[in-house]
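Remarks on the overall topology
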Amino acid sequence: GENVEQHPSTLSVQEGDSAVIKCTYSDSASNYFPWYKQELGKGPQLIIDIRSNVGEKKDQRIAVTLNKTAKHFSLHITETQPEDSAVYFCAARNNAGNMLTFGGGTRLMVKP
Amino acid sequence: DTGVSQNPRHKITKRGQNVTFRCDPISEHNRLYWYRQTLGQGPEFLTYFQNEAQLEKSRLLSDRFSAERPKGSFSTLEIQRTEQGDSAMYLCASSFALSTDTQYFGPGTRLTVL
């Protein structure tokens, strides 16, 4: 089955700096890669996603890149703000099933 | 609020008791998913429904777990004879298969088994 690895597990940045979180996946058939933000006591909230026919996608301060050959994808947050502090999860899915396989999460702390 | 809702938000029970959780998906979403999340980990898939049919179940879903979606709308997840290892956050998500199929999550039910 699919295996998703996520790094780093914790990331501390100064407000205004950029943050990068990286994920690798094992199943070459995976074709959909969402990113979720989870705040304490809440469910995961989708922040951006990318499909395998696209190499990069941007939404304001957030961007995701995908390298299908290397089987890795990354989340980039620019101009970080204290409200970006949360746990971020990457995930992967293929057409064979509808389940998402999640990475272990990255705790992002943005210091004001 | 038209998001995914889950009830109860918290449940504390004694080992050996049965518990049932409810999930109400986003209106008109035909797919509904259950995930389990333990502290410090990512969510793990348990099972999913398309309309009222349960199409996939994880090996994590032991015989003590059963899920239903009788009318293709809300779903229930029951755990029988709870064990301390069942303590976790149980998350529900829904999606619309004929669109982007993006999964939107509810707030979760936190189960504590004493």
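Going by the structure above, here's the rest.
For the structure given in this document, a descriptive report is provided here. (Residues numbered from 1 in each chain as written. Chains lettered and ligands numbered in written order. Predicted model: local features only at pLDDT ≥ 70, side-chain atom pairs only at ≥ 80, totals over all residues. Heavy atoms only, no water.)

Observations regarding the environment of Pro44(A)
- With respect to the secondary-structure elements, Pro44(A) resides in the loop between strand E4 (30–38) and strand E5 (45–51).
- Counting along the chain gives 24 residues from Pro44(A) to Lys68(A), while the straight-line C-alpha distance between them is 25 Å.
- Apart from the residues within four sequence positions on either side, Pro44(A) is in contact with Tyr36(A), Lys37(A), Gln38(A), Pro43(B), Leu91(B) and Phe105(B). (Helix = DSSP H or I, 4+ residues; strand = E, 2+ residues; numbered from the N terminus. Contact = heavy atoms within 4.5 Å.)

Details of the interface of chain A and chain B
- Counting from both sides, the interface comprises 19 residues of chain A and, opposite them, 20 residues of chain B.
- At the boundary of chain A with chain B, the tally comes to one salt bridge.
- Inspection of the chain A/chain B interface yields eight residue pairs in polar contact (both at pLDDT 80 or more).
- Sorting the residues of the side of chain A that touches chain B by element identifies E4, E5 and strand E9 (86–94) of chain A as the ones contributing at least two each.
- Of the residues that constitute the side of chain A that touches chain B, the class distribution is eight nonpolar, seven polar and four charged. (Salt bridge = Lys/Arg side-chain N within 4 Å of Asp/Glu carboxyl O. Polar contact = N/O pair within 3.5 Å; in protein donor to acceptor, adjacent residues only side chain to side chain. Nonpolar A, V, L, I, M, F, W, Y, C, P; charged D, E, K, R; others polar.)

Observations regarding the layout of surface pockets
- If you add up the space inside the largest pocket, you get close to 600 Å³.
- What lines the largest pocket is a set of 26 residues, and nearest its centre among them are Glu2(A), Met99(A), Leu100(A), Thr101(A) and Phe45(B).
- Looking at the lining of the largest pocket, the elements with two or more residues in it are E9 and strand E10 (101–102) of chain A together with strand E5 (44–50) of chain B.
- Here the lining of the largest pocket gets three residues from one element, more than from any other, and that element is E9(A). (1 Å grid on protein atoms, 1.4 Å probe; cavity = no way out; pocket = protein on both sides within 12 Å on 5 of 7 lines; lining within 4 Å. Points joined across faces, edges and corners; volume = space filled by probe spheres on them.)

Let's talk about the packing of aromatic side chains
- Inspection of the entire model under this criterion finds 15 aromatic pairs over all chains.
- Summarising the aromatic geometry, the rings of Tyr36(A) and Phe105(B) are spaced 5.2 Å apart at their centres and angled 90 degrees between planes, so their arrangement reads as edge-to-face. A residue pair is termed interchain when its members come from two chains, as with Tyr36(A) in strand E4 and Phe105(B) in strand E10 (residues 104–105).
- Overall, Tyr36(A) belongs to the buried group, its relative accessible area being 0%.
- Plain terms: the ring middles of Tyr35(B) and Phe45(B) are 5.8 Å apart, the flat faces sit at 75 degrees to each other, and that makes the pair edge-to-face. Here Tyr35(B) is found in strand E4 (residues 31–37), whereas its partner Phe45(B) is found in strand E5, with 10 residues between them in sequence.
- A residue is classified by how much of its surface remains accessible, and Tyr35(B), at 0% relative accessible area, is buried. (Phe/Tyr/Trp six-rings, centres within 6.5 Å; stacked < 30°, edge-to-face > 60°. Buried < 20%, exposed > 50% of the residue type's maximum accessible area, 1.4 Å probe, protein only.)

Thoughts on the sheet that holds strand E3 (residues 19–24) of chain B
All names here are of chain B.
- In spatial order, the strands read E1-E3-E8-E7; together these four strands make up an open sheet with antiparallel pairing. Looking at the sheet topology across the chains shown, the edges are occupied by strand E1 (5–7) and strand E7 (65–68). Direction aside, the axes of adjacent strands within the sheet are offset by 15 degrees on average.
- As defined by bridge partners, E7 adjoins strand E8 (residues 75–79) across four bridges and the pair is classed as antiparallel. Its bridge partner lying in E8, serine 66 is registered against glutamate 78. (Pairing = 2+ DSSP bridges. Axes fitted to C-alpha atoms, helices over the stretch in contact; angles between N-to-C directions.)

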